Amino acid sequence: MTDRLYYHDSFLYDFEGEITEVVPAAEINARHGVFLDRTAFYPTSGGQVHDTGWLSPAAGNREDGFRVTEVAEEEDGRVVHYIEADKAPQPGTRILGSVDVARRRDHMQQHSGQHVLSAAFIRLFNMPTVSFHMGEDACSIDLDTPVLQPEQVEEVELFANQIVQENRPVEIRFVTQQAAQDLGLRKPPRADKDELRLIDIQDFDLSACGGTHVGNTGQIGSILLRKTERVRQGWRVEFVCGQRAVKTARRDYITLTEAAAQFSGHIWDVPQQVKKSLEEIRSASKVSEHLLEELAELQAARLLAEADSLNGRKIVVRSYADRDLGFIRLLAQKLTRMETNVVSLMGAGQGQPSLVFAQSKGLPFDMGALLKDTVATCGGKGGGSKDMAQGGVPRGDLLEEAIAYAAAKLNS
Ligand SMILES: [Zn+2]
């Protein structure tokens, strides 16, 4: 077993130890696994992410140290430090370990914040925490509750921050499994250990935990609750503590300020401004839909008036560089419905260059087959029914040729 120094002191960042075993990397550029007799490095466990830092030879240059990029827990209870090095160090070497302080402090703030938060959810609304996740940006807890109201979230946030401001001592205690029975732990501890390590937030929360924690709740700084979402077993609450909360609030503020600048308004007016803009967009697109409909109808009437009849049928052949698929489809519908003897072969160059072939109901051609045949000549794709078909071609300059091909095919 590795002697875990952080069990007794979360603020111990530098320590001395000895390498007991090295598992050399199997491949070049891979990481070697280093075991020590004692360590202050925290391995990923209990929802908390591992520390990073350095291992340097105690005798010699600190610059000759190895970067510790990951720390994990083995099944036998030992802690393995993964290091990046060309050559693995030798067992028996005395080393100095140093943990990255900023990262550790951040983890302590998040993890202690989680204990306060979970206890606050229990105290105010009797919602137990079933899991804890520490991410790169945000952390989250899952609550076992069928409902979670926004007002409850706000209330818990105020309460949790009050506990932070009261600067209550956070102590580490070791008790036997037996003694723990009567202590009223927030959740039942794992039964596989004789001795339990408890994190005691004075007169507020007592839970079994192997993590690294602040010495006083004031060191958590602040607890900011963010997104809540329904998950399989209850509700997930995202949160950030300490410097992360400050950074997150700053980022939110910058985002809101940028949004407000678009409207030349105050950040608090952004939701109304967005709502107003969306309404304007909606009504503008209704107007334009209406206008396009009218335009298509007028254009269809004109095209029919100009079209020559052949064997009692009118064949309208047109390509529009400045129109899109939606418009020529609309136009084709108008053309083939306004009169009973119309075949319309249309191309549109705007957006994805496209074709729409259509005929009035009852005419004998097969538009789907004609379109498939046509696009096959120029590397396009498409299809449809007997009366209406659409497709795309790779380039706008192929439209004219494609339509001419289809018209010739019809007349043959
Ligand atoms: Zn914990």
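(A) Quick peek at the coordination of the zinc ion. Every protein donor of the zinc ion is listed here as His111 (NE2), His115 (NE2) and Cys209 (SG), and their distances to the metal cover 2.1 to 2.3 Å. Between consecutive donors of the zinc ion, the numbers of intervening residues give the motif H-x3-H-x93-C. In this pair, His115 is assigned in helix H1 (residues 101-125) and Cys209 in the loop between strand S13 (205-208) and strand S14 (223-231), connecting sequence segments 94 residues apart. A relative accessible area of 13% places Cys209 in the buried class.

(B) Looking closely at the nonpolar core. If you look at the biggest cluster of nonpolar residues, it comprises 33 residues, and the most contacted ones within it are Leu117, Phe121, Ile223 and Leu225. In terms of nonpolar packing, the next biggest core, distinct from the first, is built from 19 residues, Val343, Leu355, Ala389 and Ala407 among them.

(C) Structural context of helix H2 (residues 150-165). With 16 residues, H2 ought to run about 22 Å at 1.5 Å a step, and its terminal C-alpha atoms sit 23 Å apart, in line with that. Packing partners of the buried residues in H2 comprise H1 and S14.

(D) Structural detail: the pairing of strand S21 (residues 388-392). Both strand S19 (residues 354-359) and S21 contribute to a ladder of five bridges, which runs antiparallel. Within S21, the position partnered with Val356 by the bridge is Gln390. Relative to S21, strand S20 (residues 381-384) is paired through four bridges, and the arrangement is antiparallel. Counterpart to Gly383 in the pairing with S21 is Gln390. Joining the antiparallel neighbours S20 and S21 is a turn of three residues.

(E) Quick look at the sheet that holds strand S10 (residues 139-143). Pairing is antiparallel across the open sheet formed by four strands, whose spatial order is S9-S10-S15-S14. The open sheet is flanked by strand S9 (129-134) and S14, the only strands paired with a single partner. Averaged over all pairs of adjacent strands, the angle between their axes in this sheet comes to 20°, without regard to strand direction. Looking at chain direction, S14 and strand S15 (residues 234-241) are connected through seven bridges and run antiparallel. Residue pairing in the sheet places Leu225 in a bridge with Phe239 of S15. Docked against the sheet, H1 engages S9, S10, S14 and S15, running at close to 140° with respect to S15. On the sheet, helix H4 (residues 242-263) packs against S10, S14 and S15 and is oriented at approximately 95° with respect to S15.

(F) Representation of the environment of Leu371 in the model. Relative to the assigned elements, Leu371 resides in helix H7 (residues 367-376). Spatially, the C-alpha atom of Leu371 lies 8.0 Å from that of Gly384, the residues being 13 residues apart in sequence.

Each value, and the rule that gives it
- Residues numbered from 1 in each chain as written.
- Predicted model: local features only at pLDDT ≥ 70, side-chain atom pairs only at ≥ 80, totals over all residues.
- Heavy atoms only, no water.
- Donors = N, O, S within 2.8 Å, 3.2 Å for Na, K, Ca; no water.
- Helix = DSSP H or I, 4+ residues; strand = E, 2+ residues; numbered from the N terminus.
- Buried < 20%, exposed > 50% of the residue type's maximum accessible area, 1.4 Å probe, protein only.
- Core = buried A, V, L, I, M, F, W, Y, C linked by side-chain atoms within 4.5 Å.
- Expected span 1.5 Å × (residues − 1).
- Contact = heavy atoms within 4.5 Å.
- Pairing = 2+ DSSP bridges.
- Axes fitted to C-alpha atoms, helices over the stretch in contact; angles between N-to-C directions.

Keep in mind that these numbers describe shape and distance, not what the molecule does.
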